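Residues per chain, in single letters:
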There are 4 protein chains.
Amino acid sequence: MSGNTLGHIFKLTTFGESHGKALGGILDGVPPGIVLDLSEIQKIVDRRKPGNSAYVTSRKEEDQVEFLSGLLDGTTTGTPLMFIVNNTDQRSKDYDNYKDVYRPGHGDMTYDHKYGIRDHRGGGRASARETVSRVIGGAVALQILKSLWQKDLFIRTCVVQLGKHKVPEHVLDSVDWGFVASNPLKCPCPNTLKIWQKEMDVLIDSGKSVGANVYMETTDLKIGLGAPVFDKLDADLAKAWMSINAVKSVCLGKTFDVASADQGFDEMQIKDGSFQFNSNRSGGTLAGISTGQPIVGLIGFKPTSSNLINRKTINSQGGNVEINISGRHDPCVALRAGPIVEAMTALTLLDHYLLHRAQCGDR
Amino acid sequence: MSGNTLGHIFKLTTFGESHGKALGGILDGVPPGIVLDLSEIQKIVDRRKPGNSAYVTSRKEEDQVEFLSGLLDGTTTGTPLMFIVNNTDQRSKDYDNYKDVYRPGHGDMTYDHKYGIRDHRGGGRASARETVSRVIGGAVALQILKSLWQKDLFIRTCVVQLGKHKVPEHVLDSVDWGFVASNPLKCPCPNTLKIWQKEMDVLIDSGKSVGANVYMETTDLKIGLGAPVFDKLDADLAKAWMSINAVKSVCLGKTFDVASADQGFDEMQIKDGSFQFNSNRSGGTLAGISTGQPIVGLIGFKPTSSNLINRKTINSQGGNVEINISGRHDPCVALRAGPIVEAMTALTLLDHYLLHRAQCGDR
Amino acid sequence: MSGNTLGHIFKLTTFGESHGKALGGILDGVPPGIVLDLSEIQKIVDRRKPGNSAYVTSRKEEDQVEFLSGLLDGTTTGTPLMFIVNNTDQRSKDYDNYKDVYRPGHGDMTYDHKYGIRDHRGGGRASARETVSRVIGGAVALQILKSLWQKDLFIRTCVVQLGKHKVPEHVLDSVDWGFVASNPLKCPCPNTLKIWQKEMDVLIDSGKSVGANVYMETTDLKIGLGAPVFDKLDADLAKAWMSINAVKSVCLGKTFDVASADQGFDEMQIKDGSFQFNSNRSGGTLAGISTGQPIVGLIGFKPTSSNLINRKTINSQGGNVEINISGRHDPCVALRAGPIVEAMTALTLLDHYLLHRAQCGDR
Amino acid sequence: MSGNTLGHIFKLTTFGESHGKALGGILDGVPPGIVLDLSEIQKIVDRRKPGNSAYVTSRKEEDQVEFLSGLLDGTTTGTPLMFIVNNTDQRSKDYDNYKDVYRPGHGDMTYDHKYGIRDHRGGGRASARETVSRVIGGAVALQILKSLWQKDLFIRTCVVQLGKHKVPEHVLDSVDWGFVASNPLKCPCPNTLKIWQKEMDVLIDSGKSVGANVYMETTDLKIGLGAPVFDKLDADLAKAWMSINAVKSVCLGKTFDVASADQGFDEMQIKDGSFQFNSNRSGGTLAGISTGQPIVGLIGFKPTSSNLINRKTINSQGGNVEINISGRHDPCVALRAGPIVEAMTALTLLDHYLLHRAQCGDR
C-alpha cells in the first residue's frame, strides 16, 4: 500500500507520472445503470487544463479522456471504470537540469531518501499533473451522486484570498457564480478582482509566485452522510483536500480562525413549518455527519515553489548550489485548483453516500 | 464500515459510549517484542482527565486502563492489544432533559436522522469521552516508535491562541515546554498566560465558552515517512486531527494563512559538513513525505457547544424550544486536547513507519 | 495489520489469548435499529462449548457473553458492538511442560520464528478457544441477516465423514436436521452414526484422534450476493472457512472431487410458472454471485494434533525430544466446529449483503 | 468496493472486459529499486495464451503486455505499476446469440439480477480472459519475491487429475518438472499422459468437457509468512485460488481428503545438525504461518461450462430454450490454469512477505 487509492468503498486508484506515457485510474465500486455524460466529463477536465488564461502555465496538455472499461453504450455496468489520458507534450528535457539537484519546495529530496530512486522528470507522481486523474474520478462521482442521491447537487469553488488580499466577508453570503466563471482569477468580487489583476501582473514580471485560499461550497446536502468517530465526513474531506499538491491548511466553515468565534453552535428552528438552521458555523457537519446545510470549506495553497527567484539548495552529491526554476509553471497554482477541490469533494461525498446506504439503507 | 478504525496497517478500532459500561479499543498490527511501560501510559491518560485544573469540568473519571490481551509480562507478542476503561461515574440522569431535545452544536439531530435511534446519554460515540481510547492507543504507538524507530522522539503540544488572544509568534521559535507543563492553560508565554487567566475567569462566571488553537511539534523526524499521492503524511495527519471532536481547522506549519506567505519553499544547505534546511515553512513534509525537520501543525478548536447561554433549538417532535446546557462541561475543550492531538500524531506516524518498512525495508 | 479483522464493511475484529484474561471482539458497520435476541446468541455460543458430550474435552468454559457497547435496550444503535467473554478456567499450568517444546501440528515453532516471542499457554491466538469470538460475531450477523434481508434464513451444518467413514450420498438430498441435533456426533444418518460411535470409543481408549468433513447448507438464498473477480462470494467463503483452526480443505458443492464431475453446469427452467435450477452442482454461486439456490459446501478438518500418541519433535534449544500431549483435548475437533462454520458463513453473507446494498441499492 | 482489488498491502486492482478495448491492472505498494525482466513476464503471459496446443481454444490473443507507469529504465520506482493488454481479436459477434439467453454454468443470470445490466459479450469481467491481468501481476510479484526475499523461489504447477483419472500418488514425491513442461496436458507421469491423451481425443470429438485438479508446489519457503487468525497464509491462498474461474475446491497438502488422514501433524527433528520435518501433511503452514517446508496445494476445476452438449435454460424474457455453446472454448480449462494458480500464489506470498516486514522487520 503506497497510498494511490482514495475511498472506503468507492475507490479511485490512480497511476502515471508527469512525463510518462500516460496517466489515469480505476474507479471500483461504481453503481450500475448510471448513464454517464462523457462530454461533460471532458469539459470539467478541460477546466483544469493549463494554458487557458494569461495567468497559468502555457504547457499544452491535450488531456483527452478515454474510458477503456466499465461502460456499455455509455452506461455503467458496475465493473471497474478505467480511464486513461495519454501524455502528448512530455518535453522531459526541460528537467535535465534538475536531475541531480533537489528543487526546494518539491519532493525531490524526500523521494530520493525514501525510495532510493527518483523519476526526476517533472516530479513523478508528486506533479500537479497527477491531479488530472482526480478530476476525472470526481466528475464521474458527481454524475453518480446527481443520479442516485441528490439531483440538484452542485459543488462549486472560487478564490477568496490571493496573497494578502482577501475578498470581503459578505461576498460569501451569496456568491455570484457566474462572475466567478467569467474571470481567470476565479474571484467572486469585481473590486477585489482589479487588485488581484494588478498583483498578478507584477508577479509575472518579477518571476515570483503567490499563495491563495480556495472556498468550496455545496448546495444544501441531505442529512446523514458521515460517521461520528474516525471517518467523520469532515475528517475525510480534510484528508482529501490536504492530499492536493501545495495545500497546507484546510477548514470546515468560512474561516480558519474558529478559535476566535463567538459561538461554537448553530441554532435550529422550525419556521413557517419547515426546519432551518439560523447560521452555518459548523460548515455543514455535526459529529462528523452532514447536517443538511451546505458543506463549506477553505483550502489554503502555498505559493508555487517553482518560480524564477534564485534560491540555495543542494545536489544529490551533497554540494551547495543555487538555482531558479525556469520551466513552465503557474505563478499561483490555486487558480487551477478549483476543479480538483470539487473533485475531491465529490469523491468523498459519494464514498460516504455508499457507506451510508450500506449501513442504513436507502432512506 | 462505520468508521471506528484508524490506520492503514497499524489499526486502532475503538468502542464504547460516553455513558455505557466501558470504553476501549483493539490495536492490531502491533510489532512484537516491545516492552511497554504501562505506568507511563496511565500517566498520559491522566493528563487528559477532567477535573485536574480549575478550568475544566469536574466530572470524575477514574480512567483506569486495563490491558486484556497482547502482552506477555509487559512485552507485546504481536497479537491484538486490547485495552478497556470502565465507566465508573456515569450519571446518565444528567442527560434525561435532553432525551428529546437536539442540543445545538452536538450531533443529536444528525444522529437521529442517520441512524433512526440515538443513545442520548452524553452524546454516545460523539462524546469527548471517546477520546480516552485514542490517548491510550497513541501512548502505545509512541512507545513503539521510540523503541523501533527514533529513540529521542517527542511529540508535544501547547495552546497558542485562546479566543482572540494569540501568543506572540517568536515564542514558537523555541518553546519552553517546562513552562507549558506548569500552567493549567498550557500556555507557552508568561505574559499571554496572564491575559488568558483573566479571560477564563470572566468566561467561567458568565457561563460562556471559548475556542482555541493547539500547536503541535515533534522533534526532528527521520526522512521518509509518507507517500506522494492520497496517503500523504500531511493528509493522514489532517484526517487524524480533524477527526477530534470540536476541531474545525488544521494546517501543516505554524500558520493557517499560507496564502499570504512570501515563499512556498525552504532552502537547503550543507553547512559545516551537515545538511540543514534554512527554514521550516513546509511544516516538515514535502510531497507528502517527512523531510527530517520537525512536523509542526496548528489545530483549531471551536468554542465548546455546551455552555450556560440560552439558545433556540427544536425537539425530536418538531417543536421549538430554548435550552442551556447545565451539565459538567469545559469552557474550553482545547485545554484538555493536547494529549489527544499528540496521540493522533503518534498513531499516524507509527502507521506510516510500518508502511514505509513494508515497502522500502528497514533503512 | 496482523489479520485479526474479517470482512470488507461488516467487520469483526477479535482479541484474546486462550489463557489470558478474556476474549472478545468488536463488530463495526452494524446496521442500526436491529433488535437482538441476546439469549439466542448465548444459546449458539453454548453449542460450541466443550464438555457437552462424551466425545469432547471436559474443559469447563463458562463462556458468558457480555455486550459492552452498541446497544440501547437490546437494539443496535449503529455504533460498534463490543462483546467480551471472561476466561474463568485458565489452568495455564497444564502448559508448563510445553514452554520450550514445539508441539507438532501446532503453531509453536512458526510463532517463535515469526514473532520471536510466544505465549505458550494453550497456543495463544492459535487456540481453538479464539473461535468463541467468531461464533458470537456470526450469531449477531445471522440475526441481522434475518431482520434485514431474508427472514427464513437458516445456515446449518452436520458431519458427513468421520475418518474414513462417509455418510451415504443420498442422505444429503434431504437432511434430517432434527436427527443431527439429537446426536453428539452431529451425524445425519442413523446407520452411519452407529459405526462412528464404535470408532470414537476405540479412539478415546487409544488416545488417538481423527479428522472429519463438515457439510454446510443454507436455505435458498436471494440472488445477487458477491462479485465476479477477487471478492467472489465463494472466494470469501473459502477464506472464512479455511481460517478456522484445523481446516485444510474447502469446496463449494457436495464433493471435493469436482474434477470428475460429468458436467460443470446446472440447467435452468421455468416450470409451472416459476424459475428453477435442475441441479445444484455449482454449490449456489455463479461468477462469484449467489444464484438463489442454497449455498452448500464441504469443510475438511484434519485429525486433532494434540493426542496421546508419542511423537518426535524438538525444543526451542534445538534438542530432539519425544512428547505426547496429555491436556484436555478433543479426539475430533470437527465435532464442535459446526457453530463456527455457520458463524463464518453468516459473517461472510452479511458482509456481502451490505456490499451489495452499497453498490446496487435495496433491490 | 466491488472486489476488483486483491491483497492487503501489495495490491492488484484489475479492469477490463473480455471483449472491451483492453484489460490490465495497477499494482500498488511495489517496493522500489527492483529490476524487472519484462521479457520474462511476457513469456509467462504467453504460457496462458490460448492456441498453444491442440487441446485449447484457438482464439488468437496476442496479449502484448505494456507497462505505462512505475518504471524508470526497467527498475521499479515505488509508484504504481500500471500494465495494459489491448484486445485485438474481439469477435464480439460470436456472442450475439447469447444476448438474451442465460448460459448455464456462466454468470449471465446472476449478473443480470445483481446489476440490472450485463455486457453479454464473452462474460464481461467473469471471463477467463480477465485472468491475464492476474498472470501479469503474479509474474511481477514473483520477480520481487526473488529479488527481496528468496532468490531460489519457484512456484510450479502440474495437472494431477483429469476427469476420473489420477496420477499415481508417488509421482508427487518428486515431480519431473521438465516432463510437465514438455507435454500439452501438463501431466507429470508418462503413463497417465497416454490415458489422458486418449480421453481428450474422445472429448474433443464429442464436444464434451472435463474437470481437472491442479497441483501447486513451491520450493522450501522461509519460515514466518502469515498470521494466526483470519489472515492465515492458507486462508488467503484459499481465497486467491477459489477466486479463479471454474475453481470449486481447494486444499493445503496433497489431498482433499484430510478427514481420513492417519495423523494431523508432522514430526520435527534435528538430524545431522540441521532442522527438518519428517513429513509435510500440513502443506507448509502451521497456525496460518509458513513452516519452512514447501507450500503445496490442490485446486479443483469443474468441467468447462461451455461445450457442444445441448442443455436447457431460460432467456431473459423468462422463456424456456435449449442451447449449446459453439464459440471458441477449451474442453478443459485447467490445462491453461497453471500460470494463473502460480500467479495467485505469488501475489499472496508477496503480500504476506510485506506484511511480515511491516510488523516484524527484515529478519
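Our subject is the structure that appears above.
What counts as what
Residues numbered from 1 in each chain as written. Chains lettered and ligands numbered in written order. Predicted model: local features only at pLDDT ≥ 70, side-chain atom pairs only at ≥ 80, totals over all residues. Heavy atoms only, no water. Contact = heavy atoms within 4.5 Å. Buried area = accessible area lost by both parts, 1.4 Å probe. Polar contact = N/O pair within 3.5 Å; in protein donor to acceptor, adjacent residues only side chain to side chain. Nonpolar A, V, L, I, M, F, W, Y, C, P; charged D, E, K, R; others polar. Pairing = 2+ DSSP bridges. Helix = DSSP H or I, 4+ residues; strand = E, 2+ residues; numbered from the N terminus. Salt bridge = Lys/Arg side-chain N within 4 Å of Asp/Glu carboxyl O. Buried < 20%, exposed > 50% of the residue type's maximum accessible area, 1.4 Å probe, protein only. Phe/Tyr/Trp six-rings, centres within 6.5 Å; stacked < 30°, edge-to-face > 60°. Lys NZ or Arg CZ within 6 Å of the ring centre and 35° of its normal.

## So, the interface of chain B and chain A
Now for step 1: Every contact between the two is made by 102 residues of chain B and, on the other side, 102 residues of chain A.
Now for step 2: Of the roughly 8300 Å² buried where chain B meets chain A, counting both sides, 62% is carbon and sulfur surface.
Now for step 3: The largest share of the area that chain B buries against chain A comes from B:Lys114, B:Phe230 and B:Lys248, three residues that together contribute 11% of it.
Now for step 4: Remark: the boundary between chain B and chain A carries 43 residue pairs in polar contact (both at pLDDT 80 or more).
Now for step 5: Classifying every residue of the side of chain B that touches chain A by side-chain character gives 43 nonpolar, 39 polar and 20 charged.
Now for step 6: With 3 bridges joining them, strand S11 (residues 247-252) of chain A and strand S11 (residues 247-252) of chain B adopt antiparallel strand pairing. Looking at the pairing, A:Cys251 lines up with B:Ser249 of S11(B).

## Structural notes on the interface of chain A and chain D
Now for step 1: Contacts between the two partners involve 42 residues from chain A and, on the opposite side, 42 residues from chain D.
Now for step 2: Around 3200 Å² of area is buried between chain A and chain D when both sides are counted, 64% of it from carbon and sulfur atoms.
Now for step 3: Connecting chain A to chain D are 2 salt bridges.
Now for step 4: Across the pair D:Glu66 and A:Lys21 runs a salt bridge whose closest N-O atoms are separated by 3.9 Å.
Now for step 5: Linking chain A to chain D there are 10 residue pairs in polar contact (both at pLDDT 80 or more).
Now for step 6: Counting residues per element, the ones that place at least two in the side of chain A that touches chain D are strand S2 (11-15), strand S3 (22-28), strand S4 (65-69), strand S6 (75-76), strand S7 (81-86) and helix H2 (108-115) of chain A.
Now for step 7: Residues belonging to the side of chain A that touches chain D are distributed by class as follows: 16 nonpolar, 17 polar and 9 charged.

## Here we look at the pairing of strand S7 (residues 81-86) of chain B
All names here are of chain B.
Now for step 1: Within S7, 5 of the 6 residues are buried, which leaves the element mostly enclosed by the surrounding structure.
Now for step 2: Relative to S7, strand S3 (residues 22-28) runs antiparallel, the two being bridged by 6 bridges. Bridged to Gly24 within S7 is Ile84.
Now for step 3: Of the strand pairs in this sheet, strand S4 (residues 65-69) and S7 are connected by 4 bridges, and their pairing is antiparallel. Bridge pairing links Ser69 to Met82 in S7.

## Digging into unusual backbone geometry
Now for step 1: We note that A:Ala287 has phi near 55°; this positive angle belongs to a residue other than glycine.
Now for step 2: Secondary-structure assignment places A:Ala287 in the loop between strand S14 (285-286) and strand S15 (289-290).
Now for step 3: Phi is positive for B:Lys186, close to 55°, though the residue is something other than glycine.
Now for step 4: Within the secondary structure, B:Lys186 is located in the loop between helix H4 (177-182) and helix H5 (190-206).
Now for step 5: Of the residues examined, B:Lys186 reaches a relative accessible area of 29% and is grouped as partly exposed.

## Quick notes on the packing of aromatic side chains
Now for step 1: One pass over the structure, following the stated rule, counts 18 aromatic pairs over all chains.
Now for step 2: Summarising the aromatic geometry, the rings of B:Phe67 and B:Phe83 are spaced 6.2 Å apart at their centres and angled 65° between planes, so their arrangement reads as edge-to-face. Linking B:Phe67 in strand S4 with B:Phe83 in strand S7, this pair joins segments that are 16 residues apart in sequence. Grouping residues by exposure puts B:Phe67 and B:Phe83 together as buried.
Now for step 3: Both rings, one in C:Phe275 and one in C:Phe277, keep their centres 5.3 Å apart while their planes meet at 80°; by these two values the pair is edge-to-face.
Now for step 4: The partly exposed category is assigned to C:Phe275, whose relative accessible area is 32%.
Now for step 5: For C:Phe277, a relative accessible area of 12% gives the class buried.
Now for step 6: Over the aromatic face of B:Phe154 sits the side chain of B:Lys146, whose NZ or CZ is 4.8 Å from the ring centroid.
Now for step 7: Note that D:Arg311 overlies the ring of C:Phe265, its terminal NZ or CZ placed 3.8 Å from the centroid.

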